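Listed here are the chains, written in short residue letters.
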Amino acid sequence: MLKHGPQREEPLFGAQCCILRSQETDQPDLSQAPPFTLTDLKRAIPQHCWEKNTFKSVSYLVKDVAIVAGLAVAAYSANTWWAWPLYWLAQGTMFWALFVVGHDCGHQSFSSSRKLNDFVGNITHSSILVPYHGWRVSHRTHHQHHGHVENDESWHPVSKKLYESMDPMARIGRLTFPISMLAFPFYLRSRSPGKTGSHYDPSCDLFVPAEAPLVETSNRFMVGMVALLAGFTVALGPLAMFNLYFMPYWINVMWLDAVTYLHHHGPEDEEKIPWYRGEEWSYLRGGLSTIDRDYGIFNKIHHDIGTHVLHHLFPQMPHYNLEEATEAIKPIMKDYYRVPEKSKGPIPFHLWGHLSKSFQQDHFVADQGDIVYYEKDPEFAANLKASQKKASA
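Keep in mind the model is a prediction, meaning the values are calculated, not measured.

Draft legend 1. How the structure looks around the nonpolar core. Core analysis: the biggest nonpolar cluster contains 48 residues, and Trp96, Phe99, Phe184 and Leu355 have the highest contact counts within it. Elements supplying a minimum of two residues to this core: helix H2 (54–78), helix H3 (83–106), helix H5 (132–144), helix H8 (184–190), helix H9 (212–236), helix H10 (238–262) and helix H15 (350–361). It is H10 that provides the largest number of residues to this core, a total of 13 residues. Those residues in contact with Phe184 that lie beyond four places of it in its chain are Phe99, Val130, Trp135, Val253, Leu256 and Asp257. Grouped together as the second largest cluster of nonpolar side chains are 20 residues, Leu30, Cys49, Leu310 and Met333 included.

Okay, structure coming up:
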């Protein structure tokens, strides 16, 4: 494999437009440094795409909150066995939409006011039991080091050595589908395999000392939300809160885990997504290893979070401009843009296969090498069955 040093920021001209191709398959070798720079992509994006419209952002938030309230009132009023499961799915999806609003606040793309962004972020995230500032800082780390084996923060691969040292139950929780779709609350509490600390702990090495008061502020918002939930439980009863909040919360968690996993795993063909170390890693190459997805009718409900490549490269851009900006950079990216498979109907059932297949074969990466790919543990299924049998004994 050809080796490339650090990428230089140069304009995109003539001969630089060639894309290296694999000598074995004559397919474009997308693990190599691209023939364009981050500056080239930025120049191609219309200037208005960078503008933040506070009124528009607030209108999306108001719409989401109104739908959440309307669904809760309707389901509580109906209170029939057949309505509750439909409510869980719909409200869980809307909780996920609220998370995306807070996500945009964390990137400061909601508005030009940091105070407003952080206030809205704390409100929306604490409402679904996410510590806004704790998550915001770790998510910033994820963006700063996307695609790096060791330095990425969420859904990064484990090395073979770490994989072999993992407790069997940790492997089940991290690498077994669909159990891994419930991982997010546990990630908030104890981070990913190989990392220590908690999103709730101001002294965690995720945070610099100046960020500790912000983490404590979000923790207070969380305590307030827990108290509010306790009050509603006393007023409405445990069964009502189970239906109104507990079940939608876990649907939201599954949305969050599935979407964030799919943006970094499971390409829609036989291509392997590269992960980097050392001098082979760059911010641009790491961002180009992310994947856009089509979520059918949910694309607009969860604020175009599926337009993910451009978001990773330019996270400060408002969500309502991501699609236009993506179209502007496609001619420059060429093969480096992986065109997402279109949903064949309103529900994106096609993504289920990519999700399941990835969990079956993406288990670890090599301990050595600056460009590595996921490898499969041929004994994973047998070891999983043995672990489950032992746990049930």
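Draft legend 2. Expanded view of the environment of Asp362. Examined against the element boundaries, Asp362 turns out to sit in the loop between H15 and strand S2 (371–372). Judged by relative accessible area, Asp362 falls into the buried class, the value being 8%. A polar atom in the side chain of Asp362 sits 2.6 Å from the side chain of Ser358.

Draft legend 3. Region of interest: a nonpolar patch on the surface. Residues Tyr76, Leu228, Phe232 and Leu236 make up a contiguous nonpolar surface patch of about 360 Å² in total accessible area. By residue number, the principal contributor to the nonpolar patch is H9, which donates three residues. Here Tyr76 shows up in helix H2. Given a relative accessible area of 40%, Tyr76 falls into the partly exposed group.

Draft legend 4. Inspection of the pattern of salt bridges at higher detail. All chains considered together, the criterion is met by eleven salt bridges. Of the charged contacts, one joins Asp304 and Lys300 as a salt bridge, the two residues approaching to 2.9 Å between their closest N and O atoms. A salt bridge links Glu327 to Lys330, with the nearest nitrogen and oxygen atoms 2.8 Å apart. Here Lys330 and Glu327 lie together in helix H14 (residues 322–333), a separation of three residues that amounts to about one turn. Take Glu327: its relative accessible area is 48%, and that puts it in the partly exposed class. Accessibility expressed as a relative area gives 26% for Lys330, which makes it partly exposed. Three or more residues joined by partner-sharing salt bridges are found here, namely Glu153, Arg191 and Asp205.

What counts, and at which threshold
Residues numbered from 1 in each chain as written. Predicted model: local features only at pLDDT ≥ 70, side-chain atom pairs only at ≥ 80, totals over all residues. Heavy atoms only, no water. Core = buried A, V, L, I, M, F, W, Y, C linked by side-chain atoms within 4.5 Å. Buried < 20%, exposed > 50% of the residue type's maximum accessible area, 1.4 Å probe, protein only. Helix = DSSP H or I, 4+ residues; strand = E, 2+ residues; numbered from the N terminus. Contact = heavy atoms within 4.5 Å. Polar contact = N/O pair within 3.5 Å; in protein donor to acceptor, adjacent residues only side chain to side chain. Patch = residues over 30% accessible without salt bridge, like charges linked within 9 Å, V, L, I, M, F, W, Y side chains within 5 Å. Areas by Shrake-Rupley, 256 points an atom, 1.4 Å probe, with all protein chains shown as cover. Salt bridge = Lys/Arg side-chain N within 4 Å of Asp/Glu carboxyl O.

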